[in-house]
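Residues per chain, in single letters:
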Amino acid sequence: MRHPFRDTRGRRVGGKSTTREPIIQESVSSEHESGHESVHRPGHESEHEVEPEATRRTAGVAESARANRGWWDRNADEYQVEHGTFLGDDRFVWGPEGLDEVEAELLGPPEDLKGRDVLEIGAGAAQCSRWLAAHGARPVALDISHRQLQHALRIGGAFPLVCADAGALPFADASFDLACSAYGALPFVADPVRVLTEVRRVLRPGGRFVFSVTHPIRWAFPDEPGPEGLSVSASYFDRTPYVEQDEEGRAVYVEHHRTIGDRVRDVVAGGFRLVDLVEPEWPAWNTSEWGGWSPLRGNLIPGTAIFVCVRD
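Along each chain, numbering runs from 1 in the same order as the chain's sequence is written. Given that this is a predicted model, residues contribute local features only at a pLDDT of at least 70 and side-chain atom pairs are listed and counted only at 80 or more, while totals for whole chains, interfaces and linings are drawn from all residues. Values shown for side chains rest on all heavy atoms present in the structure; no hydrogens or waters enter the calculation.

*Asks:* Where do I start with the overall build of the protein chain in this structure?
*Replies:* Only DSSP runs of H or I covering at least 4 residues are called helices, and only runs of E covering at least 2 are called strands; the numbering of each starts at the N terminus. Counting its secondary structure elements, the protein chain contains 8 helices and 11 strands. When checking whether two residues touch, look at their non-hydrogen atoms; a contact exists if any pair is within 4.5 Å. Partitioning the contacts of the protein chain with sequence separation of at least 6, the portion at a separation of at least 24 is 76%. All accessibility values rest on the Shrake-Rupley procedure with a 1.4 Å probe; residue burial counts only the protein chains present in the view. Accessible area of the protein chain: about 13000 Å², with a carbon and sulfur share of 50%.

*Asks:* Before we go on, may I ask you to explain the nonpolar core in this structure?
*Replies:* Most often, soluble globular proteins keep nonpolar side chains buried together rather than apart. Ranked by size, the top nonpolar core spans 27 residues in total, and within it L119, F171, V199, F209 and F211 carry the most contacts. Those residues in contact with F211, other than ones at most four positions away along the chain, are W94, S181, L186, L196, V267, A305, I306, F307 and C309. For this analysis, a nonpolar core means a set of buried residues of the types Ala, Val, Leu, Ile, Met, Phe, Trp, Tyr and Cys, connected via side-chain atoms within 4.5 Å. A simple rule labels every residue: compare its accessible area, found with a 1.4 Å probe on the protein chains alone, to the largest value its type can have, and call it buried under 20%, exposed over 50%, or partly exposed in between. Judged by nonpolar contacts, the second largest core, of 18 residues, contains F92, L107, C128 and W131.

*Asks:* What exactly am I supposed to notice about helix α7 (residues 260–269) here?
*Replies:* Along an α-helix, residues three or four positions apart point the same way, because every turn accommodates 3.6 residues. Taken together, the buried positions of α7 are occupied by D262, R263, D266 and V267. Mapping the buried residues of α7 onto a view down its axis gives an arc of 135°, with all of them on the same face. Of the exposed residues in α7, those oriented more than 90 degrees away from the buried face are R265, V268 and A269. The first or second residue beyond α7 is G271, which carries a positive phi of 95°. Each direction from the helix axis to a C-beta atom contributes to the arc, which is the arc of those directions.

*Asks:* Just to check I follow, could you spell out the packing of aromatic side chains for this structure?
*Replies:* Two measures describe an aromatic ring pair: the distance that separates the ring centres and the angle between the ring planes. For this analysis, a ring pair means two rings from Phe, Tyr or Trp (six-membered ring only for Trp) whose centres lie within 6.5 Å, classed as stacked if their planes differ by under 30 degrees, edge-to-face if by over 60, and tilted for the remaining angles. Within this structure, the stated rule accounts for 16 aromatic pairs. Centre to centre, the rings of F209 and F272 are 6.0 Å apart; their planes meet at 45°, and the pair counts as tilted. Placement of the pair is F209 in strand β7 (residues 203–214) and F272 in the loop between α7 and β10 (273–278), with a sequence separation of 63 residues. Take F272: its relative accessible area is 6%, and that puts it in the buried class. Between the aromatic rings of F211 and F307, the centroid separation amounts to 5.0 Å while the plane-to-plane angle is 15°, which identifies the pairing as stacked. With F211 in strand β7 and F307 in strand β11 (residues 304–310), this pair connects stretches of sequence that are 96 residues apart.

*Asks:* Is there a simple way to explain helix α4 (residues 127–134) in this structure?
*Replies:* Taken across its 8 residues, α4 has 6 buried, putting it largely inside the fold. Turning to α4, its buried residues are Q127, C128, S129, R130, W131 and L132. In this fold, the buried residues of α4 make contact with α2 (61–87), α3 (101–104), β3 (117–121), β4 (138–143), α5 (146–155) and β6 (176–182). Directly beyond the C-terminal end of α4, a positive phi value near 90° is found at G136.

*Asks:* Would you explain unusual backbone geometry in this entry?
*Replies:* Peptide bonds are mostly trans, and most non-glycine residues show a negative phi. You will see that Y183, though not glycine, has its phi angle at about 60°, which is positive. Backbone geometry at A185 places phi at a positive 70°, although glycine is not the residue there. Tracing the sequence through the fold places A185 in the loop between β6 and α6 (192–202). Among the residues examined, A185 registers a relative accessible area of 15% and is labelled buried.

*Asks:* What should I look at first to understand the pattern of salt bridges in this one?
*Replies:* A pair is scored as a salt bridge if a Lys or Arg side-chain nitrogen falls within 4 Å of a carboxyl oxygen belonging to Asp or Glu. Applying the stated criterion to the full structure yields 16 salt bridges. Where R201 meets E198, a salt bridge forms, and the shortest distance between an N and an O atom there is 2.8 Å. Linking R201 with E198, this pair stays in helix α6, spanning 3 residues, or about one helical turn. Linking D246 and R250 is a salt bridge whose minimum nitrogen-to-oxygen distance equals 2.9 Å.

*Asks:* Is there a simple way to explain the confidence of the model for the protein chain in this structure?
*Replies:* Any residue range with low pLDDT should be treated as having predicted coordinates unsuitable for detailed reading. Values of pLDDT, which run from 0 to 100, indicate the predictor's confidence residue by residue. Per-residue confidence for the protein chain gives a mean pLDDT of 87, with 84% of residues at or over 70. Ignoring residues within four places in sequence, the model shows residues 1–24, a span with pLDDT below 50, making 116 contacts including any to other chains. Every residue in residues 28–47 is under pLDDT 50, and counting partners more than four places away or in other chains gives 32 contacts.

*Asks:* Please explain the sheet that holds strand β9 (residues 251–255) as it appears in this structure.
*Replies:* Hydrogen bonds between backbone groups are what pair the strands of a sheet, and the pairing can be parallel or antiparallel. The pairing criterion is simple: DSSP has to find at least two bridges between the two strands. The antiparallel open sheet is built from 3 strands, whose spatial order is β2-β8-β9. Edge positions in the open sheet fall to β2 (53–56) and β9, since each of these has one partner strand only. For this sheet the average axis-to-axis angle between neighbouring strands, irrespective of direction, equals 20°. Fitted lines through C-alpha atoms give the axes, limited to the stretch in contact for helices. The angle between two N-to-C directions lies from 0 to 180 degrees. Across the sheet, α2 lies against β8 (242–245) and β9, angled at about 105° from β9, the strand it touches most.

Following this line, the structure appears as structure tokens:
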């Protein structure tokens, strides 16, 4: 399994620049707790860098966080180049199918967003936060990758950017009305309940958290967009993480599998009430391929699962 919402080489990417640059707030304590190392600066890789080995093995909280922060710091530039047009600078897209919050209204009617405090988790270049701000919300864009947030600075926006781990949110209790995450954090963490519990903590009573992940059924199929991706090749029930590791066995990318039932139980264990589970159908207008996502597969099996949760 290769990682969600990216191509088969693992890339992500984004848009135009402006002169307005918000502040990137570093959460030192959360980085320390997660075992994070210093931010990788792109362009320092060896010319003879060995391709990571793909395997299935256990990976804990600290190892997963360290590996994925490093992966996104190294690949943010390519990702924003590769997928910036599809994502736009200020669109709110829930997944490769192209489901847009404008039509989905999973956070509620756009007119109700005005004046709401919204936390975007795994924001990348903060496209969703930019859309929220345009509708009168007060977003905060959080990501574990400093390099991704540098792309958010490049595009611009009058809202805070915070570099921190989703499992240790650097915010006071009841700070936000809403939270959202489009393929951010949840697919990559070893302890999703920890993240959900943190999100619940920073939400006000009645607050909504909506997050999208790779549809769990996709783990049973090869991550290929063509006919070869239509035959079951692995057990849906195998929760062993997908890990890419270097020559010394250190993880450089980790993705965690949870079944649909696991995700529902995680939501409940995190203190939320699940009010909807959306499986976007592949629209006729979308003729593009994105890694294992394609019109061929999208018309036959779901590729994205969106969980709509409420903090009572």
